[in-house]
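Listed below are the residues making up each chain.
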Amino acid sequence: MATPAAPQLDLIHRPRRNRKSQWARRLVSETRLDTSDLIWPIFIVEGVQKREAISSMPGVYRYSVDLACEAVVEAASLGIPAVALFPNIDPELRDLTASNATLPDNLVCRATRAIKSAAPNIGVITDVALDPYTSHGHDGLLYGEEIINDATVALLTRQAINQAQAGCDIIAPSDMMDGRIGAIRAALDAEGFQNVQIMSYAAKYASAFYGPFREAIGTSKTLQGDKRTYQMDPANVKEALREVALDLEQGADMVMVKPGMPYLDVLQRVAETFEAPTFAYQVSGEYAMITAASRNGWLDGERAMMESLLCFKRAGATGVLSYFAVEAARLIRAQT
């Protein structure tokens, strides 16, 4: 087909020249996504040879410890540097005081020890919060209708020490209680865990995008009320900067913005303001939306997955916690 006649344009600048081919686009790419940018959140459950599907997160599973070890070994082989563990414990073990959270043989501690033995070169991040362990599904201790802060912080420090003793590499407090980073840092140091890092969920919003996660850890039916008295108002960004500043001042090594894509503006502000390692969490609702649209043929799931992950990097994220991590890592490896 002949090239259609066109008016002669006197253009000095033609930005499309840098987009004319794949090699040219790669040459001028400003942002790159690598397997080392990915952290894989993984759900664990009691049992042996057990892999449970999560209905609201197609393609994501709860693994018994033995199968979790196998999955993490694969993740390590793909170049993923760390995994984050989230337990779904027996409902009978959940109580008002979250007593299971501080037991040395609880599910998270056993999984941590097993994974560090099976895949010693991958980092293990453990969640410090009480919601998987409380009968009411909150991240803190409930007194009447109030989540009490200081008593919760005291319990969180015991939980953090318990996880450090099990061999975790990074403590990740996700509870949003005031002062918990300083208390946990002091407790870790006092117990000889100076090298255990803290990744603070510093700007964690009271979001509607957490629904599938709550199904995954078994709190969707137990949660009483909501979490707005401790998680952040989605309307606020200046408050996020204050929260991050406080957590870094108290000893956090890394900070996180959660959720991810709806809060890219917050992520960018945090990354630019503090120049500290800043992570984004592509949460369960984000994963579920992309996956559902893909399975219904409404968008190209693979492209949407990779584009979404790249967006976090472009906004300034050091890395991304994503349920797509293993799938994305396979694709990155195949393309290199």
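What this report covers is the structure whose coordinates are included nearby. (Residues numbered from 1 in each chain as written. Predicted model: local features only at pLDDT ≥ 70, side-chain atom pairs only at ≥ 80, totals over all residues. Heavy atoms only, no water.)

## Looking at the overall build of the chain
Along the backbone of the chain there are eleven helices and twelve strands. Taking 2.2 N^0.38 as the reference for a compact globule, 336 residues should give roughly 20 Å; the C-alpha atoms of the chain span a radius of gyration of 21 Å, in line with that estimate. Taking the principal axes of its C-alpha atoms as reference, the chain extends roughly 75 × 45 × 40 Å. Across the 336 residues of the chain, 53% fall into the buried class. Restricting to contacts in the chain with at least 6 residues of sequence separation, those with at least 24 account for 75%. Summing over all exposed atoms, the chain offers an accessible surface of approximately 16,200 Å²; the carbon and sulfur share of this is 50%. (Helix = DSSP H or I, 4+ residues; strand = E, 2+ residues; numbered from the N terminus. Rg over C-alpha atoms; globule rule 2.2 N^0.38 Å. Buried < 20%, exposed > 50% of the residue type's maximum accessible area, 1.4 Å probe, protein only. Contact = heavy atoms within 4.5 Å. Areas by Shrake-Rupley, 256 points an atom, 1.4 Å probe, with all protein chains shown as cover.)

## Overview of the pairing of strand β8 (residues 170-173)
Along any regular strand the residues' side chains alternate between the sheet's two faces. Across the two faces of β8 the burial is the same, with Ile170 and Ala172 and Ile171 and Pro173 all buried. Judged from the four bridges that link them, strand β5 (residues 123-128) and β8 form a sheet pairing that is parallel. Bridge assignment links Ile125 to a residue of β8, and that residue is Ile170. Two elements, β8 and strand β9 (residues 197-204), share two bridges in a ladder whose sense is parallel. When the bridges of β9 are listed, Ile171 appears paired with Ile198. (Pairing = 2+ DSSP bridges.)

## Points about the nonpolar core
In terms of nonpolar packing, the biggest core is built from 108 residues, with Trp40, Ile42, Phe43, Leu188, Met199 and Tyr281 touching the most fellow members. Here Trp40 is in contact with Tyr63, Ala71, Val72, Ala75, Ile80, Ala82, Val83, Ala84, Ser322, Tyr323, Ala325 and Val326, once residues within four sequence places are set aside. (Core = buried A, V, L, I, M, F, W, Y, C linked by side-chain atoms within 4.5 Å.)

## Comments concerning the packing of aromatic side chains
Each aromatic ring pair is described using two quantities: the centre-to-centre distance and the angle formed by the ring planes. Taken as a whole, this structure holds twelve aromatic pairs when the rule is applied. Centre to centre, the rings of Phe86 and Phe213 are 5.3 Å apart; their planes meet at 85°, and the pair counts as edge-to-face. In this pair, Phe86 sits in strand β4 (residues 82-88) while Phe213 sits in helix α6 (residues 211-217), placing the two residues 127 residues apart along the sequence. No difference in accessibility class separates Phe86 from Phe213, as the two residues are buried. Each member of the aromatic cluster is reached from another via a ring pair, and the members are Phe43, Phe86, Tyr201, Phe213, Tyr281, Tyr287, Tyr323 and Phe324. It is Lys204 that lies over the ring of Tyr210; its NZ or CZ is 5.9 Å from the centre. Lying over the aromatic face of Tyr210, Lys258 brings its terminal NZ or CZ to 5.0 Å of the ring centre. (Phe/Tyr/Trp six-rings, centres within 6.5 Å; stacked < 30°, edge-to-face > 60°. Lys NZ or Arg CZ within 6 Å of the ring centre and 35° of its normal.)

## Considerations on the packing of helix α2 (residues 65-77) against helix α3 (residues 107-118)
Running from N to C, α2 and α3 cross one another at 40°; their axes reach a closest spacing of 9 Å. Between α2 and α3, the angle is such that the two are oblique. Read as a crossing pair, α2 and α3 show a hand that is right-handed. Residues Val65, Cys69, Val72 and Val73 of α2 pack against Leu107, Arg110, Ala111, Ala114, Ile115 and Ala118 of α3. In terms of residue class, the contact of α2 with α3 is made up of nine nonpolar, no polar and one charged. (Axes fitted to C-alpha atoms, helices over the stretch in contact; angles between N-to-C directions. Parallel < 35°, antiparallel > 145°, perpendicular 65-115°, else oblique. Left-handed = near helix turned anticlockwise from the far one by under 90°. Nonpolar A, V, L, I, M, F, W, Y, C, P; charged D, E, K, R; others polar.)

## Overview of the pattern of salt bridges
Tallied over the entire structure, the rule returns 13 salt bridges. Two residues, Asp189 and Arg185, come together in a salt bridge whose shortest N-O distance is 3.0 Å. On the criterion of helical spacing, the pair formed by Asp189 and Arg185 is a turn pair, its members being four residues apart in helix α5 (residues 180-190). Its relative accessible area of 31% is what places Asp189 among the partly exposed residues. Taking relative accessible area as the criterion, Arg185 reaches 11% and is therefore assigned buried. Each of Asp131, Asp139, Lys204 and Lys227 takes part in salt bridges that share partners, so that together they form one network. (Salt bridge = Lys/Arg side-chain N within 4 Å of Asp/Glu carboxyl O.)

## Some details on the pairing of strand β10 (residues 254-258)
Counting buried residues along β10, five of its five residues qualify, which places the element largely inside the surrounding structure. Here β10 shows no split at all, with Met254, Met256 and Lys258 on one side and Val255 and Val257 on the other all buried. Note: β9 against β10, four bridges, orientation parallel. Directly across from Met199, in β10, lies its bridge partner Met254.

## Section: empty space enclosed by the protein
Counting across every chain of the model gives two cavities of 30 Å³ or more. Considering only enclosed or pocket space, the largest cavity measures out at about 110 Å³ in volume. Every residue along the wall of the largest cavity is listed here: Phe86, Asp127, Asp131, Ser174, Tyr201, Lys204, Tyr210, Phe213, Arg214, Lys227, Gln231 and Lys258. At the level of secondary structure, the elements contributing two or more residues to the lining of the largest cavity comprise β9 and α6. In the lining of the largest cavity, the residues fall into four nonpolar, two polar and six charged. Computed from the structure, the second largest cavity encloses a volume of approximately 40 Å³. Along the walls of the second largest cavity sit Leu85, Pro87, Val108, Asp127, Ala129, Pro132, Tyr133, Gln159 and Gln163, which together make up its complete lining. The set of elements that each furnish at least two residues to the lining of the second largest cavity consists of β4 and α4 (149-166). (1 Å grid on protein atoms, 1.4 Å probe; cavity = no way out; pocket = protein on both sides within 12 Å on 5 of 7 lines; lining within 4 Å. Points joined across faces, edges and corners; volume = space filled by probe spheres on them.)

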